[in-house]
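# Analysis of the macromolecular model
Listed below are the residues making up each chain.
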Amino acid sequence: MIQGTGSHVGKSVLVAALCRLFLRRGFRVAPFKAQNMSNNSFVTPDGKEIGRAQAVQAAACRLPPRSDFNPILIKPSGEQDAQLVVNGEVAGRLTASDFGRVKREFEGAVQASFKRLRDEFDLIVLEGAGSPAEVNLRAHDVVNMHMAKIAGAPVVLVGDIDRGGVLASLVGTMELLAADEQALVKGFLVNKFRGVRELLMPGIKIVEDKIQRPCLGIVAFSQEIDLPEEDAIVWNQGNRSTTHDHLLTVGVVDVPCLSNFTDFDPLTCEPDVTLHRIADQDSHVPDLLIFPGTKHTMQALRLIQERRIDRLAWRVLDRGGVVMGICGGYQILGQTIRDPDRVEALEEHAQGLGLLDVETTFYPKKVTVQVSGRHRPSDSKVEGYEVHMGQTTRGKGVQPFLEVKSPQDSSFHPEGAMTMDGRVAGTYVHGLFDEPVFRRHILNSLRERRGWKPLSPSQHPSLDQRLDRWADFVESHIDLAGLIDVMAR
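Here goes a summary of the coordinates provided.

Thresholds, definitions, all that
Residues numbered from 1 in each chain as written. Predicted model: local features only at pLDDT ≥ 70, side-chain atom pairs only at ≥ 80, totals over all residues. Heavy atoms only, no water. Helix = DSSP H or I, 4+ residues; strand = E, 2+ residues; numbered from the N terminus. Areas by Shrake-Rupley, 256 points an atom, 1.4 Å probe, with all protein chains shown as cover. Lys, Arg positive; Asp, Glu negative; His and termini not counted. Charge placed at Lys NZ, Arg CZ, Asp CG, Glu CD. Pairing = 2+ DSSP bridges. Axes fitted to C-alpha atoms, helices over the stretch in contact; angles between N-to-C directions. Salt bridge = Lys/Arg side-chain N within 4 Å of Asp/Glu carboxyl O. Parallel < 35°, antiparallel > 145°, perpendicular 65-115°, else oblique. Contact = heavy atoms within 4.5 Å. Polar contact = N/O pair within 3.5 Å; in protein donor to acceptor, adjacent residues only side chain to side chain. Buried < 20%, exposed > 50% of the residue type's maximum accessible area, 1.4 Å probe, protein only. Arc of directions from axis to C-beta. Phe/Tyr/Trp six-rings, centres within 6.5 Å; stacked < 30°, edge-to-face > 60°. Core = buried A, V, L, I, M, F, W, Y, C linked by side-chain atoms within 4.5 Å.

## Some points on the overall build of the protein
A tally of regular secondary structure across the protein gives 13 helices and 28 strands. Along the three orthogonal principal directions, the C-alpha set of the protein runs to about 70 × 50 × 40 Å. Total accessible area on the protein is roughly 20,200 Å²; 50% of this is exposed by carbon and sulfur atoms. Positive and negative side-chain charges of the protein, numbering 57 and 63 respectively, have mean locations separated by a distance of 1 Å.

## Describing the sheet that holds strand β3 (residues 35-37)
Strand order in the open sheet made by the four strands is β3-β6-β7-β8, with mixed pairing throughout. Edge positions in the sheet fall to β3 and β8 (89-95), since each of these pairs with one other strand and no more. Going from strand to strand, the sheet's axes swing by 25° on average, the running direction of each strand aside.

## As for the pattern of salt bridges
Counting across every chain of the model gives 37 salt bridges. Put simply, Arg 342 and Glu 348 hold a salt bridge, and the shortest N to O gap is 3.6 Å. Via salt bridges that share partners, Arg 20, Arg 24, Arg 25, Arg 62, Asp 464, Asp 468, Asp 472 and Glu 475 belong to a single interconnected network.

## Describing the packing of helix α1 (residues 11-24) against helix α13 (residues 480-488)
When two helices pack together, you describe them by how their axes are tilted relative to each other and by the distance separating the axes. For the pair α1 and α13, the least separation of the axes is 13 Å and the interaxial angle reads 85°. Classified by the angle between their axes, α1 and α13 sit roughly perpendicular to one another. Taken together, the residues of α13 that come into contact with α1 (itself represented by Leu 18, Leu 21 and Phe 22) are Leu 480, Leu 483, Ile 484 and Met 487.

## Brief notes about the pairing of strand β23 (residues 380-394)
Where strand β22 (residues 358-375) and β23 come together, 14 bridges link them in antiparallel fashion. In the strand pairing of β23, His 375 is matched with Ser 380. The antiparallel pairing of β22 with β23 creates a hairpin that spans four residues between the two strands, and Asp 379 there sits at a positive phi of about 60°.

## Points about the sheet that holds strand β1 (residues 2-4)
The strand order across the open sheet built from four strands is β1-β10-β11-β12, with neighbouring strands paired in parallel fashion. Two strands bound the open sheet, and with one partner strand each, they are β1 and β12 (215-220). With strand direction ignored, the average angle separating the axes of adjacent strands in the sheet is 25°. In the sheet, strand β10 (residues 155-160) pairs with strand β11 (residues 185-193) via six bridges, with the strands oriented parallel.

## Considering the side chain of Glu 107
Take Glu 107: it is sitting in helix α3 (residues 101-120). There is a polar contact of 2.4 Å between the side chain of Glu 107 and the side chain of His 146. Once residues within four sequence positions are removed from consideration, Glu 107 is found in contact with Val 102, His 146 and Ile 150.

## A look at α13
Residues separated by three or four positions in an α-helix point in the same direction, a consequence of the helix having 3.6 residues per turn. For α13, every residue scored as buried is listed here: Leu 480, Gly 482, Leu 483 and Val 486. For α13, the angular spread of the buried residues around the axis is 160°, confining them to a single face. Seen from the open side of α13, the exposed residues pointing more than 90 degrees away from its buried face are Ala 481 and Ala 488. Close packing links the buried residues of α13 with α1, β10, β11, β12 and α12 (463-475).

## What about the packing of aromatic side chains?
Ring pairs (aromatic) are described by centroid distance and by the angle formed between their planes. Throughout the structure, instances matching the rule amount to seven aromatic pairs. Where Tyr 330 meets Tyr 428, the ring centres are 5.1 Å apart and the plane angle is 70°; that geometry is what we call edge-to-face. Residue Tyr 330 is located in helix α10 (residues 328-333), and its partner Tyr 428 is located in the loop between β28 (424-427) and α11 (436-450); the two are separated by 98 residues in the primary sequence. Of the two residues, Tyr 330 and Tyr 428, both sit in the buried class. Between Trp 470 and Phe 473, the ring centres sit 5.7 Å apart and the planes meet at 20°, which makes this aromatic pair stacked.

## Examining unusual backbone geometry
The backbone phi angle of Lys 192 is positive, close to 65°, even though this residue is not glycine. Position of Lys 192 relative to the elements: it lies in strand β11. Lys 192 sits in the partly exposed class, given a relative accessible area of 21%. The backbone phi angle of Gln 212 is positive, close to 55°, even though this residue is not glycine. Position of Gln 212 relative to the elements: it lies in the loop between α7 (197-211) and β12.

## With respect to the nonpolar core
Counting residues in hydrophobic clusters, the biggest one holds 64 residues, and the most contacted among them are Phe 291 and Val 323. Those residues in contact with Val 323 that lie beyond four places of it in its chain are Leu 289, Phe 291, Ala 313, Val 316, Leu 317, Leu 333, Leu 355, Arg 423, Val 424 and Ala 425. Among the nonpolar cores identified, the runner-up in size contains 47 residues, and Ala 30, Val 86, Ala 109 and Ala 129 belong to it.

Shown next, in the form of structure tokens:
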């Protein structure tokens, strides 16, 4: 089990690397994270919803994603409220004041998922959440030391040196653990190291002496991990190696509870693209303005209207650019949003931005489905997944954006909407930009409006290739033999 001294220390990507490394050594290996808190989700082939990180870890094991890999998913929709997903399906709301409900009502589901994996695989690589030293939450724990005890899993503690204070955080974490929890910790890793290794080693030796556990590796900082982020979008980024004279700007509106931000990762790999955060109407006017998915559409709509980002959208169109909405962003671009059952908000009705002739109604049943098909204007292949609460109907002023089918229904049907000139479009499908031909079509249409020559589609390495490269990198920085020895004890 990989646990961390805090959030964002690199647990998810290290688990992915270890999954691939153990797979190479002949293990039948699976990932497991009992409880995840993230709005970055993924849909399994059978229509269940899990954290995106566990889908990547499944890919590292060369397995299709499934809900057993992440039986509890908490999707925040505000500071005190979240949607609770259990075994891949919505199980109601979760409030901060009743956080203990997860363990009280759903620990059985967690253990049943783990038992199914234990019966099927040789090795399970578990991931913790946040820090096991959050002792105020110990009574409610289902994902850190409580899970390690049930699994009988040796724990490797990971600290992030790039954030500072890693030596103190490693020692302090051990100090706050109970004696039986300390006994599970067999070693530690230092992640994201920059600088001269020799200068760090005296500190490592002190930590080893203090906690009586060995350092199993010092993983260097890498800007080339190139795996989907779990919790945060990196703004104002682009292809780091680009020397292109004609750069397109893609603006993504920074909305509350932004979800599935990995939709935009492939754009940053293009040689002629930079990605920008759009916070208000005075932001830079991009070539492509994207209203992204959000866990709270009504709240995001209010913020967009308060900050007059709708005016920025009109400026984009006036300058020949394109406006696109994905999932909640698609709903926001429409004429109206209705929530008669109060699925998401207190208000029953809201006026959208009016950029697309569509109307959305929220229903209690969530749509979670993988889809494939084609983009109508370019006839390019598309693949992705839908995960949303609302249903959207098209009016006479728009045409479908895509034609898609699902594993459950092999017949194609129209999806999304776009204006007759194609300048404004919306879709429920996440992951569209993963397809290089579709991605390049969108970008080349922007280049054409600028009077620039089109570029050929980029052949971005596949996820499997990127996982191999990341696993090679991690292996070169850790004591894998020592780690296997820890597992065998």
